[in-house]
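# Architecture at a glance
Here's the letter readout for the chains.
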There are 2 protein chains.
Amino acid sequence: MGTPDLDEFDLIARLFRPLTAGRPEALGLADDVALIDGPSGEQWAMTADAIVAGVHFFPDDPAGLIARKLLRVNLSDLAAKGAEPRFALLTCCFPADVGSDWLAEFAAGLQSDCALFGLAVIGGDTVATPGPLCLGLTAIGSVPRGKALLRSTARTGDDIWVSGSIGDAAFGLQVALGKAGSLADDHADWLLDRYRLPQPRLRLGKLLRDVAHAAMDVSDGLLGDLGHLVAASGLAAAVELARIPLSPAGQAALAVGLGHGWRTAVSGGDDYEILFTAPPGAAAAISAISAQLKLKISRIGCITEGMGVVLLDGEGREMSVEHAGYRHFAGSA
Amino acid sequence: MGTPDLDEFDLIARLFRPLTAGRPEALGLADDVALIDGPSGEQWAMTADAIVAGVHFFPDDPAGLIARKLLRVNLSDLAAKGAEPRFALLTCCFPADVGSDWLAEFAAGLQSDCALFGLAVIGGDTVATPGPLCLGLTAIGSVPRGKALLRSTARTGDDIWVSGSIGDAAFGLQVALGKAGSLADDHADWLLDRYRLPQPRLRLGKLLRDVAHAAMDVSDGLLGDLGHLVAASGLAAAVELARIPLSPAGQAALAVGLGHGWRTAVSGGDDYEILFTAPPGAAAAISAISAQLKLKISRIGCITEGMGVVLLDGEGREMSVEHAGYRHFAGSA
């Protein structure tokens, strides 16, 4: 909904980077997680995200759905690193109008997803706020030492892959905003669901540990996030528009002109798919993983020398993309 | 400032406890931290706190001071567990009026305290909010396995001790609210500083690892917090009012009638001292630690069978205390 000022977010990144004191655990504040030492042979992948009513969700969204979205946006970060969720710490700033029914629904939403994804809430804080509902979550996952998939380790010549379909949530947001236009109801409902309830690709992330060179989750728009990945790797990317996977509902949304069409699909947020790079020789393994998970995985381009991301049309011509997606400090949405 | 509804916080505690799934790392959401496995021989103590403008600090407080308070309230939790701070993850919900000067001051405040306390920011998230400035921090400290000081391990017959002086911050809040009355300026300034900038007792906590039976930090008021400690230990406490340590400025505040007098001192928040219990035989060791740190440590009562906290006057008669202090979910302020 709200798009923060990009300059400000650049400033924050510059101001906060020295706070890492050069510790390798921080990954330069340029990845989805931090990695600290765990018990023998393991690392803890840690990510923290905040969501605010009226910015990241609608104030009248069901409480259980808000809870599950809070959890899942963090789990998506863990998924993209190949980490398995274990623990969460939760900070809640509750406005005065939060009542006992709402709280019970919120806790039930957390409970069902904690059970589904195998993690436990182990701490947190609840405070009152005179402002909108504001929630923070620190998620902790385990990953074998040295096996976490980073943003910074793409290599020249890698293929670029993405799971599932892109743009559904961005079109779903248009639906949520009452801008579904002539889109059929079943498509509209499906896109809305993709917007409201992310599906963290945890099984995929784990299977990619020994296959991918680099990975991140797509939370702030495919092309913007790919830009972060290649910047972290010191490389460039070329993506073919025609290869970007759209769902049937996404194609229908495109056909009736929702939002800014394909620009919305490639730069809108909240996909929560995994974007990764892998050597060309890994294609067969990726195909097998796709079949095993019954999850589409699409090759959308390749990693090259240079910097930045270019989008290519059917004739290989460079296209201009105006919407760059929005960014969070540390890119850690 | 604002005092959340106690019933609601009880409800939240009841609703959230099942989310621990019985994991021992959560300590039943009844301690200052969670404890997860670290590298060989170590545990990670983790605590998360949120602070909101207009609730936990004044919106026009200097940005550097807000940053340092955010960090220090979390470090106080680590201190009370005997943990040494190592890392932090930071979530910032910034309103639109936060500008570059403010951000630079905020980062500088974090930087100076990170250097002072030896920790690094390793991750986080920054988002926009239409509401007040709202900040969350997850602090991570290391402690030798099994050495963390818990709330639940007090024993019958233990002495109850507290570091420093109690009530300064609660009186300092009265000063901040313009209610200093006839209090001398130097006392008022000193109390205000105690309110605005907590001094986490990290060196003390570390030295208490092999001395104390149970410990927690005093953040929500001495008697209320002691109530949490004895509840977690399944025991009771008797405290002598005359033994509760007051600073010279605190005594002056009491003399001129700030707030609700001694009730403000024993039930106001933001002391950030360490409250701990130890066997009577530890008195000499505690005295030596006090001398080593040049920090007053006062014996204020003892642990008994039963439940609850009683406050005793000079003749050993039970006194009534109306203000119970405010509480946070998981008591983890």
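As the structure is a prediction and not an experimental result, all values here were calculated from the model.

### Thoughts on the relation of the copies chain B and chain A
Relative to chain A, chain B is turned by 180° and slid 0.0 Å along the rotation axis, the superposed coordinates differing by an RMSD of 0.0 Å. The two molecules are tied by a two-fold rotation axis, judged by turn and shift. A shared interface surface links the copies, since 100% of the contact residues of chain B are contact residues in chain A too.

### Brief notes about the packing of helix α4 (residues 168-176) of chain B against helix α5 (residues 185-196) of chain B
All names here are of chain B. Look at α4 against α5: their axes get within 7 Å of each other, and the N-to-C directions meet at 110°. Between α4 and α5, the interaxial angle falls into the category roughly perpendicular. By crossing handedness, the relation of α4 to α5 is classed as left-handed. Along the contact surface, α4 presents Asp168, Ala169, Phe171, Gly172, Leu173, Val175 and Ala176, while α5 presents Ala188, Trp190, Leu191, Leu192, Arg194 and Tyr195.

### Quick look at the sheet that holds strand β7 (residues 214-218) of chain B
All names here are of chain B. Ordered in space as β7-β9-β6-β10-β8-β11-β12, the seven strands form an open sheet in which the pairing is mixed. Unpaired on one side and paired on the other, β7 and β12 (318-319) mark the two borders of the sheet. Across four bridges, strand β6 (residues 159-163) lies against strand β9 (residues 273-278) in antiparallel orientation. Across the sheet, residue Ile160 finds its bridge partner in β9, namely Thr277. Helix α2 (residues 63-80) rests against β7 and β9 of the sheet, and its axis sits at about 165° to β7.

### Some points on helix α3 (residues 100-117) of chain B
Residues and elements named next belong to chain B. Compared with an ideal rise of 1.5 Å per residue, which puts 18 residues at 26 Å, α3 spans 26 Å between its outermost C-alpha atoms and is within 8% of the ideal. Taken together, the buried positions of α3 are occupied by Trp102, Leu103, Phe106, Ala107, Gly109, Leu110, Asp113, Cys114 and Phe117. Buried residues in α3, looked at end-on, bunch into an arc of 155°, giving them a common side. Of the residues in α3, the exposed ones pointing more than 90 degrees away from the buried face are Asp101, Ala115 and Leu116.

### Topic: the pattern of salt bridges
Close approach of charged atoms lets side chains of opposite charge pair. Enumeration over the complete set of coordinates arrives at 36 salt bridges over all chains. Among the ionic pairs, Asp159 of chain B bridges to Arg299 of chain B, the shortest N-O distance being 3.6 Å. With a gap of 140 residues between them, Asp159 of chain B in strand β6 and Arg299 of chain B in strand β10 (residues 297-304) connect regions that are remote in the sequence. One salt bridge connects Glu273 of chain B with Arg201 of chain B, and the closest N-O pair in it is separated by 2.8 Å. Of this pair, Glu273 of chain B sits in strand β9 while Arg201 of chain B is found in the loop between α5 and α6 (202-208), placing the two residues 72 residues apart along the sequence. Among the residues examined, Glu273 of chain B registers a relative accessible area of 0% and is labelled buried. The class of Arg201 of chain B is buried, set by a relative accessible area of 17%. Three or more residues are tied together by salt bridges with common partners; here these are Asp31, Asp32, Lys81 and Arg151 of chain A.

### Observations concerning the interface of chain B and chain A
The parts lose accessible area when they come together, and the size of an interface is often stated as this lost area. Counting residues at the interface gives 66 residues for chain B, matched by 66 residues for chain A. For the pair chain B and chain A, the summed buried area comes to about 5,200 Å², and 72% of that belongs to carbon and sulfur atoms. Summed over the shared surface of chain B and chain A, the number is zero salt bridges. Put simply, chain B and chain A have seven residue pairs in polar contact (both at pLDDT 80 or more) between them. For the side of chain B that touches chain A, the elements supplying multiple residues, two or more each, are α1 (6-16), β1 (34-37), β2 (42-52), β3 (84-94), α3, β4 (120-128) and β5 (134-144) of chain B. Residue contributions to the side of chain B that touches chain A peak at nine residues, all from β4 of chain B.

### What about the confidence of the model for chain A?
Residues and elements named next belong to chain A. On average, residues of chain A score 92 in pLDDT, and 94% of them reach the 70 mark or higher. Scored below 50 in pLDDT, residues 323-333 makes 53 contacts in the model with residues more than four places away or belonging to other chains. Quick note on the complex model: pTM equals 0.92, ipTM equals 0.91.

Conventions we followed
- Residues numbered from 1 in each chain as written.
- Chains lettered and ligands numbered in written order.
- Predicted model: local features only at pLDDT ≥ 70, side-chain atom pairs only at ≥ 80, totals over all residues.
- Heavy atoms only, no water.
- Least-squares fit on C-alpha atoms with pLDDT ≥ 70 in both.
- Contact = heavy atoms within 4.5 Å.
- Axes fitted to C-alpha atoms, helices over the stretch in contact; angles between N-to-C directions.
- Helix = DSSP H or I, 4+ residues; strand = E, 2+ residues; numbered from the N terminus.
- Parallel < 35°, antiparallel > 145°, perpendicular 65-115°, else oblique.
- Left-handed = near helix turned anticlockwise from the far one by under 90°.
- Pairing = 2+ DSSP bridges.
- Expected span 1.5 Å × (residues − 1).
- Buried < 20%, exposed > 50% of the residue type's maximum accessible area, 1.4 Å probe, protein only.
- Arc of directions from axis to C-beta.
- Salt bridge = Lys/Arg side-chain N within 4 Å of Asp/Glu carboxyl O.
- Buried area = accessible area lost by both parts, 1.4 Å probe.
- Polar contact = N/O pair within 3.5 Å; in protein donor to acceptor, adjacent residues only side chain to side chain.
- pLDDT = per-residue confidence, 0-100.

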